[in-house]
Amino acid sequence: MVHASTMTHVVLAPLLLLFLTVSIANVQVCDAFLLPKSTGGNVVINRHQHPYIISRIIETQHASLHEIVRRTRNKSISNRRIVRFSTASVLDESIVAEEANGLMEIGKFRAALTKMGMLAFISSMCVFMPLSLMPGELLRRARIISVTQREILSLRAGQFCARWLMRLIPFANVQVIHEEEGDSGSKGNNVDEPSVWVCNHTSMLDVFFLLASTKRLVKRPMKIVYWKDLEKNPVTKILFKMCGFIPVSMAANKSGEENEYDRSSFKTMLKSVKQAFEDGFDLGILPEGQLNPNPEGGLLPVFSGAFTLSKLSRRPIRMMALNGPHRLWHPDENKGMKVTSRQVKLRMYPNGRIFKSSDEFAETFSTVVGHFGAKGEDLPEEELRQWLDGSKWESMEKNRANMTSGSV
């Protein structure tokens, strides 16, 4: 049997050459529309942005380079670099901060250009991703690799396509916020610990941003629980089937409508989850169960399925939060692809744990992830720490118990 990581490099190397060829046309667009004028301007750059753009900005600027490392309110959790190139002698950090936080809406021209880039990215994914998945399936049919190896290879191929196409078509400015190794005494996010991962659901673009951003930080392969009706889309059906993702039927799943799991499919899902754990996969779940039509107002009611699977498997729950994809493609059909910002943030919280009750999980997830999803920033540092280590919930339980005993 051939190791899956070896096959990943063999299969995906030709695709990289193809992507680099496609990028030549994209570079011309970058030169014409995305570079700042010679009179100066603010530019926000991070490690996901197109490397050609960064080098061209440096070449075309006629002023000294000023680098600002701005941390979020929780200074131990931000690794964001904000770079400003300007002919001005004084840096207006407030403007830079507003741009970085996505508070300033982009103009109509840039919004139209961003929408064109987003559509080009989605179209490219529809073409390149199925092509990148075919070799793995052919190898499985030839019995060169196993089904599990095919699933891992397909996941890596999907991550590869999303990551490189976002670099070649930089329609969004993606910022990943996480603990650096050893910050605040934590183990950081680069740990190889079997986990159940949970995230909010703000846009149809969520899966692409997660595929593009989690490869370096989530070391273990992951299977995602998804709504079975997504298989009506042939591209997502190919990806989900090849990666071995786990379907679940829902009684209703239109954004904003009350829904619930179809219990007839629950037994099959549990069997698939158990097999995924045995094969060495992590599990990814969207506890809201559907797209949130109003991400700015917090989360939808949270289902307890992640807690149940965490308890059964004795695996900790680790939380992620997305902010910004809805400003590119909003789940509200009345807004749709009305682009208002290019800023997208993915927050990966450290030190997952096994919650004591479903209520504790739901309240913690809604408070921590809901706040970041709505505001694009964490809770105050001390409050966040208390929610993550469980002390906040314990104090709330004690207060409720005291109030109950006092009223008797």
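Residues numbered from 1 in each chain as written. Predicted model: local features only at pLDDT ≥ 70, side-chain atom pairs only at ≥ 80, totals over all residues. Heavy atoms only, no water.

*Asks:* Describe the overall build of the protein, naming the residues involved and giving the relevant values.
*Replies:* A tally of regular secondary structure across the protein gives twelve helices and ten strands. Residue burial in the protein is summarised as follows: out of 408 residues, 50% are buried. Counted over contacts in the protein with a minimum sequence separation of 6, partners at least 24 positions apart contribute 74%. In the form shown here, the protein has an accessible surface area of approximately 19,700 Å², with 56% of it arising from carbon and sulfur atoms. (Helix = DSSP H or I, 4+ residues; strand = E, 2+ residues; numbered from the N terminus. Buried < 20%, exposed > 50% of the residue type's maximum accessible area, 1.4 Å probe, protein only. Contact = heavy atoms within 4.5 Å. Areas by Shrake-Rupley, 256 points an atom, 1.4 Å probe, with all protein chains shown as cover.)

*Asks:* Tell me about the sheet that holds strand β10 (residues 343-348), and please be specific about residues and values.
*Replies:* Reading across from one edge, β4-β10-β9-β5-β8-β6-β7 is the order of the seven strands in this open sheet, with mixed pairing throughout. Edge positions in the sheet fall to β4 (173-177) and β7 (246-248), since each of these pairs with one other strand and no more. Mean inter-strand twist for the sheet, computed between neighbouring axes without regard to direction, equals 20°. Examined bridge by bridge, β4 and β10 share five bridges and lie parallel to one another. (Pairing = 2+ DSSP bridges. Axes fitted to C-alpha atoms, helices over the stretch in contact; angles between N-to-C directions.)

*Asks:* Account for the environment of Leu133, with residues named and values stated.
*Replies:* Of note, Leu133 is situated in helix α4 (residues 108-141). Exposure remark for Leu133: the relative accessible area of 2% places this residue in the buried category. For the pair Leu133 and Arg156, spaced 23 residues apart in sequence, the C-alpha separation works out to 9.5 Å. With sequence-adjacent residues up to four places away left out, Leu133 is seen in contact with Ser154, Ala157, Ile238, Leu239 and Met242.

*Asks:* I'd like to hear about helix α11 (residues 381-389), residue by residue, with values.
*Replies:* Three or more residues of α11 are buried, namely Leu384, Trp387 and Leu388. With its buried residues spanning 95° around the axis, α11 presents them on a single face. Backbone geometry just after α11 places Gly390 at a positive phi near 90°. (Arc of directions from axis to C-beta.)

*Asks:* Tell me about the environment of Met269, residues and numbers included.
*Replies:* Mapped onto the fold, Met269 is located in helix α8 (residues 266-278). Exposure remark for Met269: the relative accessible area of 5% places this residue in the buried category. Along the chain, Met269 and Ser249 lie 20 residues apart, while their C-alpha atoms are 9.4 Å from each other.

*Asks:* I'd like a rundown of the packing of α4 against helix α7 (residues 234-243), residues and numbers included.
*Replies:* At their nearest, the axes of α4 and α7 sit 10 Å apart, and the two run at 30° to each other. Classified by the angle their axes make, α4 and α7 are roughly parallel. In the crossing of α4 with α7, the sense of the turn from one axis to the other is left-handed. Judged by residue contacts, Cys126, Met129, Pro130, Leu133 and Glu137 of α4 engage Val235, Ile238, Leu239 and Met242 from α7. (Parallel < 35°, antiparallel > 145°, perpendicular 65-115°, else oblique. Left-handed = near helix turned anticlockwise from the far one by under 90°.)

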